[in-house]
Amino acid sequence: MNIARTTSPAIAFAVAAAGVGLFSLMDAAMKDLSIALGAYNAVLWRNLTGCLIAGALFVATGQSWPSRSNLRLHLWRSFIVAGMAVSFFWAIARLPLAEAIGLSFIAPVIALYLAAILLGEKIGREAILASVAGLGGVAIILFGKFSGHYSQDAFWGAIAVLFSAVLFAYNLILARQQAQAAGPIEIAFFQNLLTASVLALAAPWFLAPFVTAKAPMLVTAAVLAIVSLLLLSWAYARAEAQILIPVEYTAFVWAAGFGWLFFDEPVTATTLIGTALIVGGSLIAARVKPSAVNHVEIASA
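Residues numbered from 1 in each chain as written. Predicted model: local features only at pLDDT ≥ 70, side-chain atom pairs only at ≥ 80, totals over all residues. Heavy atoms only, no water.

S.K.: If you had to explain the overall build of the protein chain to someone new, which residues and values would you point to?
M.R.: Summing up its helical and strand segments, the protein chain has 14 helices and 0 strands in all. In the protein chain, the order of α-helices and β-strands from amino to carboxyl end is α-α-α-α-α-α-α-α-α-α-α-α-α-α. Across the 301 residues that make up the protein chain, the buried fraction comes to 52%. By sequence separation, contacts in the protein chain at least 24 residues apart represent 90% of the contacts at least 6 residues apart. Summing over all exposed atoms, the protein chain offers an accessible surface of approximately 12900 Å²; the carbon and sulfur share of this is 70%. (Helix = DSSP H or I, 4+ residues; strand = E, 2+ residues; numbered from the N terminus. Buried < 20%, exposed > 50% of the residue type's maximum accessible area, 1.4 Å probe, protein only. Contact = heavy atoms within 4.5 Å. Areas by Shrake-Rupley, 256 points an atom, 1.4 Å probe, with all protein chains shown as cover.)

Structure follows, in structure tokens:
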């Protein structure tokens, strides 16, 4: 039985909307942790905590061990997610949440070109229009950020977001494969376990003592990440990306709200205009090749 055909698109849309909102709240928690612990340690400790929580779910629900091909997919995606997450959370410690999320929306446009390179797909007129709109939006956000006084940290933060978006664009191609090959609980457990394992390779150089005062925030971030991943994996396994893509862009609204509420971050006119252009380009990208344009929420790490 095809579960995608037996689930109402409206239900899948609502579940995805809840997942995006929780992911955005997790971004705010990770910004706090990245400022306090550094991005590497924040991501490593969050994944270790998430591994324990998702592992308990994996055992409690009687999940079977994944096939060798699924394990390879989980492991490869974990390498991509590790680099993507560390660079993104390093960036949001230096940039307003709304700016970082706005810049990250360029990922689906980049995914069109990666699909052409990796999958041999043709780049059509719509893809070029998407690129022009997306790059124009990035240029406007960067112009607004760097036309006046700015810190060197902000400059490198913007570079880190764009680097993360390139990794995430490749992650978009892997995400749909993973959602169709494995269940949400399996994805949550092995993504946390293997991403933590990949990050642990750098522990001799970057691991710092954990700040116990941040334990409640760490657990909160881990729970939000797992619940969000479960919701989005469930939704994307049951509805086409072209149906769900629009709800993903509510992440910008959540980021602006949480940035203002928790970090007193204003949202500039150039950020709004630039994000609108990037979103427009990404929606064109979704119409061109919806199967290659999956989650646009960077924090799906």
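Next comes the rest of the description.
S.K.: Outline a nonpolar patch on the surface, supporting the account with residue identities and numerical values.
M.R.: On the surface, Leu 75, Trp 76, Phe 79 and Leu 201 cluster together to form a nonpolar patch covering roughly 410 Å² of accessible area. Within the fold, Leu 75 resides in helix α4 (residues 68-92). (Patch = residues over 30% accessible without salt bridge, like charges linked within 9 Å, V, L, I, M, F, W, Y side chains within 5 Å. Salt bridge = Lys/Arg side-chain N within 4 Å of Asp/Glu carboxyl O.)

S.K.: Describe the side chain of Asn 171, naming the residues involved and giving the relevant values.
M.R.: Examined against the element boundaries, Asn 171 turns out to sit in helix α8 (residues 152-181). The class for Asn 171 is buried, based on a relative accessible area of 1%. Within polar-contact distance, the side chain of Asn 171 engages the side chain of Arg 77 at 2.6 Å. (Polar contact = N/O pair within 3.5 Å; in protein donor to acceptor, adjacent residues only side chain to side chain.)

S.K.: Let's hear about the environment of Ala 36: which residues, and what values?
M.R.: Mapped onto the elements of the fold, Ala 36 is located in helix α2 (residues 9-37). Of the residues examined, Ala 36 reaches a relative accessible area of 39% and is grouped as partly exposed. Along the primary structure Ala 36 and Phe 210 are separated by 174 residues, whereas in three dimensions their C-alpha atoms are 9.9 Å apart.

S.K.: Summarise the packing of aromatic side chains; cite the residues concerned and give the values.
M.R.: In this description, an aromatic ring pair is defined by two values, namely the gap between the centres and the angle between the planes. Under the definition given, this model contains 13 aromatic pairs. Taking 5.7 Å as the distance between ring centres and 50° as the angle between the ring planes, the aromatic pair formed by Tyr 40 and Phe 206 counts as tilted. Linking Tyr 40 in helix α3 (residues 39-60) with Phe 206 in helix α10 (residues 203-206), this pair joins segments that are 166 residues apart in sequence. Pairing Phe 189 with Phe 190 gives two aromatic rings, centres 4.9 Å apart and planes at 65°, and the pair type is edge-to-face. Here Phe 189 matches Phe 190 in class, with each residue buried. Site record: aromatic cluster; members linked through ring pairs are Phe 58, Trp 65, Phe 189 and Phe 190. It is Lys 31 that lies over the ring of Phe 263; its NZ or CZ is 5.3 Å from the centre. Looking at Arg 94, its charged tip hangs above the ring of Trp 90, at a distance of 3.8 Å from the centre. (Phe/Tyr/Trp six-rings, centres within 6.5 Å; stacked < 30°, edge-to-face > 60°. Lys NZ or Arg CZ within 6 Å of the ring centre and 35° of its normal.)

S.K.: Break down the packing of α3 against helix α11 (residues 215-236) for me, citing the residues and quoting the values.
M.R.: Following both chains from N to C, one finds α3 and α11 inclined at 60°, their axes separated by 8 Å at the closest point. By the angle between their axes, α3 is oblique relative to α11. Every pair of crossing elements has a handedness; the one defined by α3 and α11 is right-handed. Seen from α3, the contacting residues are Ala 42, Trp 45, Arg 46, Thr 49, Gly 50, Ile 53, Ala 54 and Leu 57; seen from α11, they are Leu 218, Val 219, Ala 221, Ala 222, Val 223, Ala 225, Ile 226 and Leu 230. (Axes fitted to C-alpha atoms, helices over the stretch in contact; angles between N-to-C directions. Parallel < 35°, antiparallel > 145°, perpendicular 65-115°, else oblique. Left-handed = near helix turned anticlockwise from the far one by under 90°.)

S.K.: Describe the confidence of the model for the protein chain, listing the residues and the values that go with them.
M.R.: Looking at the protein chain, the pLDDT average stands at 85 and 90% of residues meet or exceed 70. Contacts from residues 290-296, a stretch scored under 50 in pLDDT, to residues over four places away or in other chains number 28 contacts. (pLDDT = per-residue confidence, 0-100.)

S.K.: Mind laying out the side chain of Glu 186, listing which residues take part and the relevant values?
M.R.: When you line up the elements, Glu 186 lands in helix α9 (residues 184-200). One buried charged side chain, Glu 186, makes no salt bridge at all; its nearest oppositely charged neighbour is Arg 77, positioned 11 Å away. What Glu 186 contacts, discounting residues up to four positions off in sequence, is Phe 58, Gln 63, Pro 66, Asn 70 and His 74. (Lys, Arg positive; Asp, Glu negative; His and termini not counted.)

S.K.: Give me unusual backbone geometry: which residues, what numbers.
M.R.: The bulk of non-glycine residues show a negative phi, and the bulk of peptide bonds are trans. The backbone of Asp 264 sits at a positive phi, close to 55°, despite the residue not being glycine. Looking at the element boundaries, Asp 264 is found in the loop between α13 (250-263) and α14 (269-288). Taking relative accessible area as the criterion, Asp 264 reaches 63% and is therefore assigned exposed.

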